[in-house]
Each structure stands twice: as C-alpha cells, then as structure tokens.
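Observations on the model geometry
Listed below are the residues making up each chain.
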Amino acid sequence: DTAVSQTPKYLVTQMGNDKSIKCEQNLGHDTMYWYKQDSKKFLKIMFSYNNKELIINETVPNRFSPKSPDKAHLNLHINSLELGDSAVYFCASSHSGGGYTEAFFGQGTRLTVV
Amino acid sequence: AQSVTQPDIHITVSEGASLELRCNYSYGATPYLFWYVQSPGQGLQLLLKYFSGDTLVQGIKGFEAEFKRSQSSFNLRKPSVHWSDAAEYFCAVAKRSGGYNKLIFGAGTRLAVHP
C-alpha cells in the first residue's frame, strides 16, 4: 500500500490555467506538507497543515491555495499558472504530536507550464 | 539562520568503492538530521535519521551516517557502492517553526557510479 500518494504524477498545462494536485496519506499522521523542487533540484517547503489547520505558510504567491478537508488529505490548487511554476511538487506527512518523526514523501507531481 | 550545506554537487565513484557524502548543518539546538535519496523520476526515500543517542546511525541499503557535533557534520557513508545507488542524495535538518517542524534541505549531491 502506498503511504503517501499524489495525483497526477505528470501535469502539463498552459499559462493562465488553474490546476489542482491531490495528496492522500494512510499513515495516520497528523501533519502534511507541500514542498517544491525547482529545476536545480532544490527543495523548499511551501505549506504545512496540522490536523487540517494551516501552521506553516512560507513566502508563496497567493495563487497557491492549499486545502485540507481532513488530516489524511492535503490538496494544492494553483490559479493563473505561470511558466515559473514549472517544478516537481512533493507532498509529505509526519507525526508531530508528542515529538517529531520523520517525513514520508509522495512520488511527486511534475508540473510543466507551457 | 538554520541551513544545510552539501559541499559536493556531483560525485562519481566506481562500483564496489567506498562512498562518503558530506553534510554540514547550522542549527542552534540539538538537530534532527536526515538523509534522503531520490532516484531518477522518483520521490524521496528516507535512508536514515538522527534524533539523539548513538552518533553512528545505520540506515537502509547498507548506508550509515555519523553525527559529529564538534564539526556540525552528518556525513553519509557506504563501504561498497552498487550501481543501483546512483541517485541524488539530500541531507536535511528539521527546523522548529511556530511549535512545528519543517525540513530544511541541502542542495543535494548527485552520485554517479561507474561499472
């Protein structure tokens, strides 16, 4: 069983479109994250949710809106896509209650904006 | 500010040779440290972690890492590299932010393995 699953794995879209990436974890974790990996492979956190509440919001354009319907799901919606949004987006989860545990990552969604 | 430095962008080794990937961190408190591996087109897989205790930690796939507080380092080692180890390796530190943790990653080291 996949622990952290993202859909879709690949996403090609035109500038100006709106798209969503979905993420689900079956590990029972209480915290979920979105990370962005740029073309140079650099990984940086975008958002984090704990029990459906936003706890970390890095300097990300407000075109990016995460939504957590429950603690097992964290979706990322992107409005008005730009060329610079092309990247690999990783979802991750961890357990934060009672101390930190390691983060488990999904397979990533490669977003290409043309 | 907390940071992670991986000095080697690209390393090439021969299959069967030993490997050491360097990682230096900057963090005020006792760090939580991690090594992740990313195979081509794949997600990130945790190799090993250090939270406390024994400074030499064992991970999956025959990897180990040693935490050295005096040198602010957490280098990854493997005694004998296999061709399947060719991948991108990321060192990371968990930074406390507003009561919660987030991972700060190094820039990664790309490992190539010659037959």
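Going by the structure above, here's the rest.
Quick look at the structure, then. (Residues numbered from 1 in each chain as written. Chains lettered and ligands numbered in written order. Predicted model: local features only at pLDDT ≥ 70, side-chain atom pairs only at ≥ 80, totals over all residues. Heavy atoms only, no water.)

Right, let's talk about the overall build of chain A for a bit. What chain A contains, in helices and strands, is zero helices and eleven strands. Going from the N terminus to the C terminus, chain A shows its helices and strands as β-β-β-β-β-β-β-β-β-β-β. On C-alpha atoms alone, chain A measures out to a radius of gyration of 13 Å, which is about the 13 Å that the 2.2 N^0.38 rule sets for 114 residues. When the backbone C-alpha atoms are referred to their principal axes, chain A occupies close to 45 × 30 × 25 Å. Among the 114 residues that make up chain A, the fraction classed as buried is 45%. (Helix = DSSP H or I, 4+ residues; strand = E, 2+ residues; numbered from the N terminus. Rg over C-alpha atoms; globule rule 2.2 N^0.38 Å. Buried < 20%, exposed > 50% of the residue type's maximum accessible area, 1.4 Å probe, protein only.)

Turning our attention to the pattern of salt bridges. For the structure on display, the rule yields ten salt bridges over all chains. The salt bridge partner of glutamate 58 of chain A is lysine 102 of chain B, with a shortest N-O separation of 2.6 Å. Here lysine 102 of chain B lies in strand β11 (residues 100-105) and glutamate 58 of chain A lies in the loop between β6 (53-57) and β7 (64-70), a pairing that spans two chains. A residue is classified by how much of its surface remains accessible, and lysine 102 of chain B, at 6% relative accessible area, is buried. Across the salt bridge formed by glutamate 64 of chain B and arginine 77 of chain B, the nearest N and O atoms sit 3.2 Å from each other. You can see glutamate 64 of chain B sitting in strand β8 (residues 64-68) and its partner arginine 77 of chain B sitting in strand β9 (residues 73-78), a full 13 residues away along the chain. (Salt bridge = Lys/Arg side-chain N within 4 Å of Asp/Glu carboxyl O.)

Residue and element names in this part refer to chain B. Among the seven residues that make up strand β5 (residues 32-38), six are buried, leaving the element largely enclosed by the rest of the structure. As paired strands, β5 and strand β6 (residues 44-50) are joined by six bridges and run antiparallel to one another. Along β6, the bridge assignment pairs leucine 33 with tyrosine 50. Hairpin connection, β5 to β6: the antiparallel pair is bridged by five residues, and glycine 41 has positive phi, about 70 degrees. (Pairing = 2+ DSSP bridges.)

Right, let's talk about the side chain of histidine 29 of chain A for a bit. Residue and element names in this part refer to chain A. Residue position: histidine 29 is located in the loop between β3 (19-25) and β4 (31-37). A relative accessible area of 9% means that histidine 29 is categorised as buried. Here serine 94 takes part through its backbone nitrogen, which lies 3.3 Å from a polar atom of the side chain of histidine 29. Contact partners of histidine 29, with chain neighbours within four places excluded, come to Lys71, Ser93, Ser94, His95 and Phe104. (Polar contact = N/O pair within 3.5 Å; in protein donor to acceptor, adjacent residues only side chain to side chain. Contact = heavy atoms within 4.5 Å.)

Quick look at the interface of chain A and chain B now. Counting residues at the interface gives 21 residues for chain A and 22 residues for chain B. Summing both sides of the interface, chain A and chain B together bury roughly 2000 Å²; the carbon and sulfur share of this comes to 59%. At the surface where chain A touches chain B, the tally comes to two salt bridges. Salt-bridge contacts for glutamate 102 of chain A lead to lysine 49 of chain B; the nearest nitrogen and oxygen are separated by 2.8 Å. Across the chain A-chain B interface, the total number found is five residue pairs in polar contact (both at pLDDT 80 or more). Elements with a contribution of two residues or more to the side of chain A that touches chain B: β4, β5 (43-50) and β6 of chain A. (Buried area = accessible area lost by both parts, 1.4 Å probe.)

Turning to the nonpolar core, a few remarks are in order. Residues Leu19, Trp35, Leu47, Leu48, Phe74, Leu76 and Tyr89 of chain B are the most contacted members of the largest nonpolar core, which totals 28 residues. Contacts of phenylalanine 74 of chain B, omitting those with residues within four sequence positions, involve Cys23, Leu33, Phe34, Trp35, Leu48, Lys49, Tyr50, Val57, Ala65, Glu66, Phe67 and Cys91 of chain B. (Core = buried A, V, L, I, M, F, W, Y, C linked by side-chain atoms within 4.5 Å.)

By themselves these figures say nothing about function.
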